[in-house]
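# Descriptive analysis of the structure
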Amino acid sequence: MRVLILGGDGYLGWPTAMYLSNKGHEVAVVDNMLKRYWEAEIGVEPLAPVRPLHVRVKRWHELTGKTIKTYVGDIAENHRFVYKVLDEFRPEAIVHYAEQPSAPFSMMDRDKCVATQRNNVVGTINVMFAMQHTNPDIHMVKLGTMGEYGTPNIDIEEGWLEIQHKGREDRVLYPKKPGSFYHLSKVHDSNNLEFACRVWGMRVTDLNQGVVYGINTDETRMHPELGTSFHYDAVFGTVLNRFVVQAVHGMPMTVYGKGGQTRGFLDIRDTLQCVELALLNPAERGEFQVFNQFTEQFSVNDLAKMVARVAKAHGLNAVVDHISNPRVEQEEHYFKAIHSALPALGLKPHLLNDEVIDHMLEMASINKDRIDPGVLVPHVRWHQR
């Protein structure tokens, strides 16, 4: 299959490119390197250095003999660039990761909010129109987020909800209650893509993904230059990464508020599996197919206890500190999300266990001298003053 990966320099995009290339697919990647610019703009960087995309692509070819074609350009700023890439590469499927991925970044100020909305929403619209121009039969696999749903007081279905109202029935997109301008941009994407499926006959699979952890895949382990990013800062980092780094650095693990916030989680290797399963089981023409993509759910307190237990077994003094929550969110809530479609298609999950956390602690310990404790402090507040 000819697969075009948008956001191919990113945390998930690059491992996906290698994984699909290794599986025998013909792969091309697109990126504008804007995420690297944003990192420099706010003064953060991955814990371990991440090689430039062209270096990783070259190393991959040297090790495997396989070619990953590379396009550098901005899908939101230049729609003609998108048309050109699709006309030249002629993909059968597009995996769309090319979005600003951080809730705190989107909440920093007006400029970051606008940058997030423009990059994510306009970029997706440009790809939609390019697909219609080049080949309306292309299947898009879009990386959504479980954060679109928020934390409703009812079970979260897989994208759609059957409703009864005043004696009539209908099937509608599940109501969304996003918690940041970033998550709101993903809701706009979902609405635009569902509309395009219904009106244009597009084929879209929306993967509403939980929080991803880990950096090790079979391909990243092949050579140090093939690694992907491990962010631990309070803007682009995830809660599990932050706890691991704080434990290694000897800082308290900072739990926001009461710590009852519960979300879905999955290993990076399962993200790769899920994307492949979506590619092999495409949506039909006119279908907006939604999979909830996670394997387990944990509260923030659950994760803090797990990291503390494993860290203490390594002689680290890992303690928990509940701090004032910089976000506006429910700290104790009901959370039950259905995630049956991907397991039914064959997903074999890698669950979070002590061994996985061991590897994360080891990686953080190796790069301990690169830890910047200042970026672990949450400076972004959801309330504007």
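The structure reproduced in this document is the subject of the present report. (Residues numbered from 1 in each chain as written. Predicted model: local features only at pLDDT ≥ 70, side-chain atom pairs only at ≥ 80, totals over all residues. Heavy atoms only, no water.)

## Thoughts on the pattern of salt bridges
Enumeration according to the criterion identifies 28 salt bridges in this entry. For Glu99, the salt bridge is made with Lys186, and the minimal N-O distance between the two is 2.7 Å. Of this pair, Glu99 sits in the loop between strand 4 (93–96) and helix 5 (103–106) while Lys186 is found in helix 7 (residues 181–200), placing the two residues 87 residues apart along the sequence. Side by side, Glu99 and Lys186 carry an identical accessibility label, which is buried. Two residues, Lys142 and Asp189, come together in a salt bridge whose shortest N-O distance is 3.4 Å. Here Asp189 lies in helix 7 and Lys142 lies in strand 5 (residues 139–145), a separation of 47 residues in the sequence. Overlapping salt bridges, with partners in common, bring together Arg51, Arg59, Glu62 and Glu225 in one network. (Salt bridge = Lys/Arg side-chain N within 4 Å of Asp/Glu carboxyl O. Helix = DSSP H or I, 4+ residues; strand = E, 2+ residues; numbered from the N terminus. Buried < 20%, exposed > 50% of the residue type's maximum accessible area, 1.4 Å probe, protein only.)

## Regarding the nonpolar core
Grouped together as the largest cluster of nonpolar side chains are 47 residues, with contacts concentrated most on Phe243 and Leu352. Per-element tally for this core: the top contributor is helix 10 (residues 300–313), with 8 residues. Residues in contact with Phe243, not counting those within four places in the same chain, are Met253, Thr254, Val255, Val300, Leu303, Ala304 and Val307. Formed by 36 residues, the second largest nonpolar core is a distinct cluster that contains Phe89, Met128, Trp160 and Cys197. (Core = buried A, V, L, I, M, F, W, Y, C linked by side-chain atoms within 4.5 Å. Contact = heavy atoms within 4.5 Å.)

## Focus: the layout of surface pockets
As a volume, the second largest pocket reaches approximately 310 Å³. What lines the second largest pocket is a set of 15 residues, among which Ile215, Asn216, Thr220, Pro224 and Gly227 lie closest to the centre. Of the residues in the lining of the second largest pocket, the class split is 6 nonpolar, 7 polar and 2 charged. (1 Å grid on protein atoms, 1.4 Å probe; cavity = no way out; pocket = protein on both sides within 12 Å on 5 of 7 lines; lining within 4 Å. Points joined across faces, edges and corners; volume = space filled by probe spheres on them. Nonpolar A, V, L, I, M, F, W, Y, C, P; charged D, E, K, R; others polar.)

## Quick word on the sheet that holds strand 11 (residues 262–267)
Sheets are built from strands paired through backbone hydrogen bonds, the pairs being either parallel or antiparallel. With mixed pairing, the 3 strands of this open sheet are ordered in space as 9-11-13. One side of each edge strand has no neighbouring strand; the edge strands of this open sheet are strand 9 (211–213) and strand 13 (296–299). Going across the sheet, the axis of each strand differs from the next one's by a mean of 45°, ignoring polarity. Pairing analysis gives 4 bridges linking strand 11 to strand 13, with the strands arranged antiparallel. Looking at the pairing, Gly264 lines up with Gln297 of strand 13. (Pairing = 2+ DSSP bridges. Axes fitted to C-alpha atoms, helices over the stretch in contact; angles between N-to-C directions.)

## So, the state of the cysteines
For the coordinates displayed, the defined rule picks out 0 disulfides. Cysteine Cys197 remains unbridged, with the sulfur of Cys274 as its closest cysteine sulfur at 20 Å. On the basis of relative accessibility, which here comes to 2%, the residue Cys197 falls in the buried class. (Disulfide = S-S within 2.5 Å.)

## Concerning helix 1 (residues 13–22)
Within helix 1, 9 of the 10 residues are buried, which leaves the element mostly enclosed by the surrounding structure. Those residues of helix 1 that sit buried are Gly13, Trp14, Pro15, Thr16, Ala17, Met18, Tyr19, Leu20 and Ser21. Looking one or two places after helix 1, you find Gly24, whose phi comes out positive at around 100°.

## Describing empty space enclosed by the protein
Per the stated rule, a full pass over the model turns up 2 cavities of 30 Å³ or more. Approximately 50 Å³ is the volume found for the largest cavity. Contributing to the lining of the largest cavity are Pro104, Ala234, Tyr256, Pro326, Arg327, Pro378, His379, Val380 and Trp382. Tallied by class, the residues present in the lining of the largest cavity amount to 7 nonpolar, 1 polar and 1 charged. For the second largest cavity, the full set of lining residues is Glu148, Tyr149, Gly159, Leu173, Lys176, Ser190, Asp206, Asn208, Phe288 and Val290. Among the elements of the structure, strand 8 (203–209) and strand 12 (288–293) are those that each provide at least two residues to the lining of the second largest cavity. Partitioning the lining of the second largest cavity into residue classes produces 4 nonpolar, 3 polar and 3 charged.

Function cannot be inferred from these measures alone, as they are strictly geometric.
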